[in-house]
Amino acid sequence: IMVPVSALTGENLDTLLEMILLVAEVDEELLANPDRPAKGTVIEANLDKARGPVATLLVQNGTLHVGDILVAGSAFGKVRAMIDDRGKRVDAATPSFAVEVLGLGNVPAAGDEFAVFQNDKEARTLAEARADQQRQSRLMRGRVTLTTLSAQAQEGELKELNLILKADVQGSVEAIVGALQQLPQNQVQIRMLLAAPGEVTE
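Residues numbered from 1 in each chain as written. Predicted model: local features only at pLDDT ≥ 70, side-chain atom pairs only at ≥ 80, totals over all residues. Heavy atoms only, no water.

### As for a nonpolar patch on the surface
Operational definition: By definition, no residue in a patch forms a salt bridge, and every one has over 30% relative accessible area; like charges are joined within 9 Å, nonpolar side chains (Val, Leu, Ile, Met, Phe, Trp, Tyr) within 5 Å. Surface accessibility in these figures is a Shrake-Rupley result with a 1.4 Å probe; residues are shielded only by whichever protein chains are displayed. A side-chain nitrogen of Lys or Arg and a carboxyl oxygen of Asp or Glu constitute a salt bridge if their distance falls within 4 Å. Labels follow the DSSP assignment, with helices taken as runs of H or I lasting at least four residues and strands as runs of E lasting at least two, numbered in each case from the N terminus. Whether a residue is buried, partly exposed or exposed follows from its accessible area with a 1.4 Å probe, protein chains only, as a fraction of its type maximum: under 20%, in between, or over 50%, in that order.
A surface patch of nonpolar side chains, about 500 Å² in accessible area, is lined by Ile1, Leu22, Val23, Val26 and Leu30. Within the secondary structure, Ile1 sits in the segment before α1 (13-26). Under the relative-accessibility criterion, Ile1 is labelled exposed at 71%.

Set out below in structure tokens:
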């Protein structure tokens, strides 16, 4: 069932509630068990300067407690604190509750599924395996050769090439930038986002 709604005007909110009740009555299998380890979905997540990684989680089954060991996508951690939709700290979140969770080691992606584990080692292993898989996937997607760039340019697909250049010393940076500027740019416009010596950083 789909119900077009507006939180601003309040349009169709009564209809939405009626449809939720209807679905709950028709399908009696739509029940959650609060007496089990929590699982659900990451609604959104961000890196807060003061609090570190913060994830908003929707509990779909089980109950989430402060102190639980959590894996959300490739993020792993122990729930340090939970904050409900009114900004109050809570110790437990039952099915259908959305809470902000502090304590993850890094920021998960919106849409990632989360689950609670009893075993710290098992949770850490799973999170590391997922992180490694994501890394490999990014590397495979991001592998670009000069041949593929040249082919894209000839087909008219590539109009602008954004570059970040890092080298061992400033002299190398200047020499490479000079060489790039001498290239004909009638097919591809080269845009230097950053040219600096030193280590490659995020």
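### Description of helix α4 (residues 170-181)
Worth spelling out the cut-off: Expected helix span is computed as 1.5 Å times (number of residues minus one). This arc is built from the directions going out from the helix axis to the C-beta atoms. Pairs of residues are marked as contacts when any of their non-hydrogen atoms sit within 4.5 Å.
Look at α4: 16 Å from first C-alpha to last across 12 residues, which is about the 16 Å you get at 1.5 Å a residue. All of the buried residues in α4 are Val173, Val177 and Leu180. Seen along its axis, α4 keeps its buried residues to an arc of 60 degrees; they face one direction. Facing away from the buried surface of α4 by more than 90 degrees, the exposed residues are Glu174 and Ala175. Check the buried side of α4 and you find it contacts β10 (160-167) and β11 (189-197).

### Considering the side chain of Asp68
Here is the rule: All tallies of charge rest on Lys and Arg as positive and Asp and Glu as negative; His and the ends of each chain are not included. In protein, a polar contact means a hydrogen-donor-capable atom and an acceptor-capable atom, both N or O and within 3.5 Å, with residues adjacent in sequence counting only if both atoms are side-chain atoms; elsewhere, any N or O pair within 3.5 Å suffices.
With respect to the helices and strands, the residue Asp68 is situated in the loop between β3 (64-65) and β4 (69-72). Lys78 is the oppositely charged side chain nearest to the buried, salt-bridge-free Asp68, at an N-O distance of 8.8 Å. Here His65 takes part through its backbone nitrogen, which lies 2.8 Å from a polar atom of the side chain of Asp68. Contact partners of Asp68, with chain neighbours within four places excluded, come to Thr63, Gly77, Lys78, Val79 and Val116.

### Side note on the confidence of the model for the protein chain
Close inspection of predicted coordinates is inappropriate in any region flagged by low pLDDT. Threshold: Here pLDDT means the predictor's own confidence in every residue, given as a number from 0 to 100.
Of all residues in the protein chain, 90% attain a pLDDT of 70 or more, and the chain-wide mean is 86. Averaged pLDDT values for the elements of the protein chain fall to 67 in helix α3 (residues 146-154) and rise to 97 in β3.

### So, the pairing of strand β8 (residues 98-104)
Two faces, one strand: in a regular strand the side chains alternate between the faces of the sheet. The cut-off we apply is this: When DSSP finds at least two bridges between two strands, those strands are taken to pair.
In terms of residue burial, β8 counts as a mostly covered element, since 5 of its 7 residues are buried. Note: strand β2 (residues 52-61) against β8, 5 bridges, orientation antiparallel. Paired with Leu58 across the two strands is Ala98, which belongs to β8. Note that strand β5 (residues 75-83) and β8 share 4 bridges and pair antiparallel. Across the sheet, residue Ala81 finds its bridge partner in β8, namely Leu102.

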